[in-house]
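Structural description and commentary
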Amino acid sequence: DHDIICTAGTGKGKTLTFWMPLLFDSTSVQIVITPLNLLGEQNVQALAKAGICAISIHADTATMHHFWVSEVLSL
């Protein structure tokens, strides 16, 4: 495992680097921190289309249910 820093413009495929491990290992869990709530919601929708479970947690959705779901997803 190595740390990576990626700087690229909007629409250049940075998000794909987060998704790749999920596509090859259905037991993996990825935590992605985004600067905008909308980006998290867009990622959830796109991952759902690919058949990958995802949730977006931010100030409006930080409920015990979402934290429970994230714990269950990581089992």
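Refer to the structure printed above.
Further remarks concern the side chain of Ser 56. Following the sequence through the fold, Ser 56 ends up in the loop between helix 2 (37-49) and helix 3 (64-73). Classification of Ser 56 as buried rests on a relative accessible area of 13%.

Take the environment of His 66 next. Looking at where His 66 falls in the secondary structure, it is placed in helix 3. Separated by ten residues in the primary sequence, His 66 and Ser 56 place their C-alpha atoms 8.4 Å from one another. In this structure, His 66 is in contact with Ile 55, Ile 57 and Thr 61, ignoring residues within four places of it in sequence.

All right, on to the packing of helix 1 (residues 14-24) against helix 2 then. The geometry of helix 1 relative to helix 2 is characterised by a closest axis approach of 12 Å and an angle of 40 degrees between their N-to-C directions. The orientation of helix 1 relative to helix 2 falls into the category oblique. Note on packing geometry: the crossing formed by helix 1 with helix 2 is right-handed. Every residue of helix 2 that contacts helix 1 at Thr 15, Trp 19 and Leu 22 is listed here: Asn 43, Ala 46 and Leu 47.

Turning our attention to the side chain of Asn 43. Structurally, the position occupied by Asn 43 is in helix 2. Setting aside residues up to four positions removed in sequence, Asn 43 forms contacts with Thr 15, Trp 19 and Thr 34.

As a further point, take helix 2. In a regular helix each residue adds 1.5 Å, so 13 residues correspond to 18 Å; helix 2 covers 19 Å between its end C-alpha atoms and thus fits that length. Within helix 2 the residues assigned to the buried category are Gly 40, Asn 43, Val 44 and Leu 47. The buried residues of helix 2 occupy one face: seen down the axis, they fall within an arc of 100 degrees. Residues Leu 38, Gln 45 and Lys 49 are exposed on helix 2 and point more than 90 degrees away from its buried face. The inward-facing, buried residues of helix 2 contact helix 1. Once helix 2 finishes, Gly 51 follows within two positions and takes phi at roughly 80 degrees, a positive value.

How each quantity is defined
Residues numbered from 1 in each chain as written. Predicted model: local features only at pLDDT ≥ 70, side-chain atom pairs only at ≥ 80, totals over all residues. Heavy atoms only, no water. Helix = DSSP H or I, 4+ residues; strand = E, 2+ residues; numbered from the N terminus. Buried < 20%, exposed > 50% of the residue type's maximum accessible area, 1.4 Å probe, protein only. Contact = heavy atoms within 4.5 Å. Axes fitted to C-alpha atoms, helices over the stretch in contact; angles between N-to-C directions. Parallel < 35°, antiparallel > 145°, perpendicular 65-115°, else oblique. Left-handed = near helix turned anticlockwise from the far one by under 90°. Expected span 1.5 Å × (residues − 1). Arc of directions from axis to C-beta.

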